[in-house]
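Letter by letter, the chains look like this.
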Amino acid sequence: MATTHQKFFIDGQWVEPASSSRINVLGAATGESIGSCPEGATADIDRAVAAARRAFKESAWASYTPAERGAALNRFADAIEKRGARLAQTVSMQNGMPINVADQLESGFVVGVLRYYAALAAGLVTEETRPSPLGFNTFVRKEAIGVVGAIVPWNFPVALSIMKIGPALAAGCTMVLKPSPETVLDSYILAEAAEEAELPPGVLNWVPGGRDVGAYLVSHPGIDKVAFTGSTNAGRIIAQECGRLLRPVTLELGGKSAAIILEDADLNAVLQGLPSTSLLNNGQACFSCTRILAPNSRYDEIVDAIAGSVSSLVVGDPLDRATQIGPMASSVHRTRVEGYIAKGKSEARLVAGGGVPQQERGWFVQPTVFADVDNAATIAREEIFGPVLSIIRYGSEDDAVRIASESEYGLGGTIWSVDRDRAASLARRVESGTVGINGYLPDINAPFGGIKASGLGRELGPESIAAYQQYKSIYMLG
Ligand code: NAD
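Novice: Can you explain the nonpolar core? Please cite residues and give values.
Specialist: Ranked by size, the top nonpolar core spans 100 residues in total, and within it Phe 76, Ile 80, Ile 162, Ile 165, Leu 204 and Trp 206 carry the most contacts. Examining the composition of this core, we find that 13 residues originate from one element, helix α5 (residues 99-122), more than from any other. Not counting chain neighbours up to four residues away, the residues in contact with Ile 80 comprise Leu 87, Val 110, Val 111, Leu 114, Ile 162, Leu 190 and Ala 193. One finds Leu 262, Trp 363, Phe 370 and Ala 404 within the second-largest nonpolar core, a separate group that totals 30 residues.

Here's what the structure looks like:
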């Protein structure tokens, strides 16, 4: 049954929207309405930013100790944990994420991230006394940066929200979040959890809407910092605006990561890893290794094995636990992915998939593999954001590192080898913000993010708290 929402969660209350326009959310596997909510207008953003400013400056939150902030984050984690199954199911219905993946990454992982930042908040040291070589002491403070405008995409809507909320609240910031219209229903579950956790009013506020509402939030005079996850195109526009305003911004953007399969790799391990490292969330993951680099010596064997393995993946209803590949998140997005598959057919050799599976409804594409791909081809350069893999041949290990690094992007990557030290030394040479050895899983306790067109700044790890803080030096001269 469709979920209908009438209000927004702003200033700790459910409030009437300023406009009567609405967002209708369609299920990726059915194309039918699964819920709706009001669409935010600029007046709603004004109200949410004002509430977040009051919360930052004047509310109980402003005087919370780091330990009290940690306790609030733990209460929020408890409230989310209770709603874990509903969150996973809602995400899965909205964007087509296989339910097993949603359970792990949009439910279990997010609780882990919040508890991690709760613990870090509790131990946060925000002031140190530093003796100056000039003969006096200086208090060096790390202060919360203020009100954060957070914008998230549709592919991992909960995790990407929580990866901003955790460190921002640990630092003492407050936040206005703008979820993506395709996946707005899960944000209502998060708001419900924030209400149950009794976060002081205005600490977290949600205003759903499209890019205009997002752009208004980015340039709002009441925002002190922008945290964005989404496409590189939108990231560039947001970075320009933040540059004009001299407003701090972190950007988690697109990727075109490479899996380097070394000659000694265990091919079974590679095949077992493919669904999570190269095809996670139906290929709708920023760090997916969609370029597969295969050595000359094992090239045909690898192409055959990957083509066979991808052809046998179970495509279907994302709520079915047997499903490995669900539909694309929207009809527009499927059309875009199909365009890349058509382009691939003119650029390389199709060895698996390439069409639309026999489903009665929903925005499915067949998981697809191209072989003999040139690293300069469109399908090897551009982020497709679907289940489409390009296999690229390489000669020496130096070649592999060069090809992996020859990309506009630099977000993820994997190296497959039975020799972990050899793989790790290659990982050090690949131009990328993160690399996995014989698998890929972002570590909560380590900075995650990209270089080049993949973004600016990092999320996760203690480093992420610094993105929500600014320094102040107090010189004790007398
Ligand atoms: P998108 O950039 O179109 O939209 C992302 C969000 O930004 C949405 O909420 C959208 O409404 C908003 N938005 C778009 N243009 C805006 C603007 N000019 N000003 C303010 N807000 C704006 O991206 P998408 O298609 O929803 O998501 C897919 C993209 O996200 C992919 O490129 C993917 O790689 C990237 N992504 C990156 C990471 C990462 O951590 N690096 C993680 C997940 C997704």
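Novice: Can you break down the site of the ligand residue by residue, with the values?
Specialist: The environment of the ligand is made up of 27 residues, and the closest members are Val 152, Lys 178, Ser 231, Leu 253 and Glu 383. Trp 154 is positioned with one of its side-chain polar atoms (N or O) 3.1 Å from an oxygen atom of the ligand. Taking Ser 231, its side chain carries an N or O atom lying 2.6 Å from an oxygen atom of the ligand. Here the ligand has 840 Å² of accessible area as a free molecule, and 91% of this is covered by the chains. Elements represented by at least two residues in the shell around the ligand include exactly α8 (211-219), β11 (225-229) and α9 (232-245). Among the domains, domain 1 (3-253 + 454-476) and domain 2 (258-443) are the pair contributing at least three residues each to the shell around the ligand.

Novice: Quick one: what's the story with the confidence of the model for the protein chain, residue by residue and with numbers?
Specialist: Per-residue confidence for the protein chain gives a mean pLDDT of 97; residues scoring 70 or more make up 100%. By mean pLDDT, the top-scoring element of the protein chain is strand β8 (residues 147-151) (99), and the lowest-scoring one is helix α2 (residues 60-63) (93).

Novice: A description of helix α14 (residues 397-405) should follow, citing residues and the corresponding values.
Specialist: Listing the buried residues of α14 in full gives Ala 400, Val 401, Ile 403, Ala 404 and Ser 405. On the buried face of α14, the contacting elements are β13 (257-261), β14 (289-295), β17 (388-394) and α15 (420-429).

Novice: Explain the sheet that holds β13 residue by residue, including any values.
Specialist: In a beta sheet, neighbouring strands are held together by backbone hydrogen bonds and run either parallel or antiparallel to one another. Taken in spatial order, the 7 strands of this open sheet run β15-β16-β17-β14-β13-β18-β19, and their pairing is mixed. Single-partner strands in this sheet number two, and they are β15 (349-352) and β19 (436-437). Pairing between β13 and β14: 4 bridges, direction parallel. Of the residues in β14, the one forming a bridge with Ala 259 is Ile 292. Running over the sheet, α14 touches β13, β14 and β17 and is turned about 145 degrees from β17.

The rules behind each value
- Residues numbered from 1 in each chain as written.
- Predicted model: local features only at pLDDT ≥ 70, side-chain atom pairs only at ≥ 80, totals over all residues.
- Heavy atoms only, no water.
- Core = buried A, V, L, I, M, F, W, Y, C linked by side-chain atoms within 4.5 Å.
- Buried < 20%, exposed > 50% of the residue type's maximum accessible area, 1.4 Å probe, protein only.
- Helix = DSSP H or I, 4+ residues; strand = E, 2+ residues; numbered from the N terminus.
- Contact = heavy atoms within 4.5 Å.
- Near = heavy atom within 4 Å.
- Polar contact = N/O pair within 3.5 Å; in protein donor to acceptor, adjacent residues only side chain to side chain.
- Areas by Shrake-Rupley, 256 points an atom, 1.4 Å probe, with all protein chains shown as cover.
- Domains from an automatic or database assignment.
- pLDDT = per-residue confidence, 0-100.
- Pairing = 2+ DSSP bridges.
- Axes fitted to C-alpha atoms, helices over the stretch in contact; angles between N-to-C directions.

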